[in-house]
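# Overview (structure and organization)
Below are the chains, spelled out letter by letter.
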Amino acid sequence: MNKPLKIPVVPKNLLVPFIAATSIFALWGFANDLTNPMVAAFKKVMVLSNAEAYNVQFAFYFGYGVMAIPAALFIRKFSYKSGLLLGLALYAIGAILFYPAAENGSYSYFLISLFVITCGLGFLETTSNPLILSMGDAKTATQRLNLAQSFNPIGSLTGMLIAKFVVLDRLLSVAYADSSEIVALGAEKAAEIKAFDLSVISVPYIAVGLFVALVFFVIWKTKIPAMSMGDHLSIRESVKRIFKSKTYLMGVIAQMFYVGAQIMCWTAIFQLVEYLNESSGLGIDATWWNIAAMISFVTTRFIGTALMRKINPAKMLAIFGIAAATMCAGVIFSTGLMSVVFLVLVSVFMSIMFPTIYGLALRNMGEEAKLASSGLIMAIVGGALLPKLQARIMDYGDEVNGQEVFGDIVTGGIPEIHFSFILPMICLLFVAFYGLYAHKITRTN
């Protein structure tokens, strides 16, 4: 009896362009996790409430919502390579804009720079994900995307380390308990501290902007084939075909909730640790716990990718979604160091979610994946909207400029920072529901 042929995840003739495209996944991972700790940095340097500081995440992730559809239409008209090049150009420009933002000292200018960066990232993700899906057999598409996405956390880990050692550990303002101590030094000295800290924040962004410009020229010189996954239809016909998919629309909603949950968990770890250090005297460093979460995340993603050869991806998504929501419940109801441990464990179960939702939603899309992918990238706007709501819950009971920041919430005596994790818990339960739904669809088709 002849053994069935083993389908390669990446065909040998596409290995070089696959590596080139996969390398870009690390670049947006770097930007994402360099920026997450900047919420805490800007809060300290610019003297902001949680809600105001979370405008960093709003500006950063809102660019995905704005640029996803234009990016899809662009690569549809031109090519995947053109989309990569334009995305890299916008990324580099936005990062280098941190220099005039630091010189001016305006929080708004930094937010604009972050928005431009993510306009570029919107192009890169809208282009790279369907490009990877197209590089081989449709049966291994979800596994192939999980493999490519496994390199994203490598950039994330690098971003975290840079954020700690190049930015957070060098900020002068962290040496003071609150802004009143800095004000007491006098206006001139306070201005010097602020200017120094803003220049420190800008350095890694300017450096990555120059590096991305170099990557632009490397991709420009790399031959990336014009991949196709089927017939090229009109936009109207494409939209009709996209929304006939039983897994697509629910997939977009699930992706929005997943990204919101991810950003809430990876950003709020800094606020949670700060609260625990102040209230319980733990004296732990949030960055190292954040790095532990990312190492767990990337390790489990590689393991999950391998397991998908044996386990249905949709079934695995449902199991991981339930487990991640359970860990969020642990953050809500536990205290002290145990709550941080539960928060790290959330990342273990979030590991496979983004690429798995992506692959399931674009299942059997063919050439329409170019346009359909824009909806899934637009869903990243969940990272702009949901963390803002979590920040409002964190600020409950605080006063900013003499006014209560948040409305009436019954927390049952649970500290607001812990209670705020009810939002990612709900989001992850929806991801689990989508996994069950997609498993039913994929089994019957």
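Residues numbered from 1 in each chain as written. Predicted model: local features only at pLDDT ≥ 70, side-chain atom pairs only at ≥ 80, totals over all residues. Heavy atoms only, no water.

### Some points on the confidence of the model for the protein chain
Averaged over the protein chain, the pLDDT score is 83; the fraction of residues at 70 or greater is 86%. Low pLDDT, under 50, characterises residues 399-409; the predicted model gives this stretch 18 contacts beyond four residues in sequence or across chains. (pLDDT = per-residue confidence, 0-100. Contact = heavy atoms within 4.5 Å.)

### What to know about helix α19 (residues 382-394)
Between the first and last C-alpha of α19 there are 18 Å, a value that for 13 residues agrees with the 18 Å anticipated at 1.5 Å per step. G382, G383, A384, L386, P387, Q390, A391, I393 and M394 are the residues of α19 that are buried. (Helix = DSSP H or I, 4+ residues; strand = E, 2+ residues; numbered from the N terminus. Expected span 1.5 Å × (residues − 1). Buried < 20%, exposed > 50% of the residue type's maximum accessible area, 1.4 Å probe, protein only.)

### Quick word on the pattern of salt bridges
Once the charged atoms of two side chains with opposite charge are near each other, the side chains can pair. What the rule picks out here adds up to 2 salt bridges. Two residues, K164 and D169, come together in a salt bridge whose shortest N-O distance is 3.3 Å. Salt-bridge contacts for K164 lead to D285; the nearest nitrogen and oxygen are separated by 2.6 Å. Residue K164 is found in helix α9 (residues 152-167), and its partner D285 is found in the loop between α13 (248-280) and α14 (286-307); the two are separated by 121 residues along the sequence. Of the residues examined, K164 reaches a relative accessible area of 6% and is grouped as buried. Overlapping salt bridges, with partners in common, bring together K164, D169 and D285 in one network. (Salt bridge = Lys/Arg side-chain N within 4 Å of Asp/Glu carboxyl O.)

### Digging into the environment of P37
Mapped onto the secondary structure, P37 falls in the loop between α1 (15-35) and α2 (38-46). In this structure the C-alpha to C-alpha distance between P37 and F270, which are 233 residues apart in sequence, comes to 7.2 Å. If we ignore the near neighbours within four places in the chain, the residues touching P37 are A163, L168 and F270.

### So, the packing of aromatic side chains
With the rule as written, the count across this model stands at 18 aromatic pairs. Their ring planes at 65° and their centres at 5.7 Å tell us that F165 and W288 sit as a pair that is edge-to-face. Here W288 lies in helix α14 and F165 lies in helix α9, a separation of 123 residues in the sequence. Overall, F165 belongs to the partly exposed group, its relative accessible area being 43%. Judged by relative accessible area, which is 44%, W288 ranks as partly exposed. Site record: aromatic cluster; members linked through ring pairs are F42, F98, Y107, F110 and Y205. (Phe/Tyr/Trp six-rings, centres within 6.5 Å; stacked < 30°, edge-to-face > 60°.)

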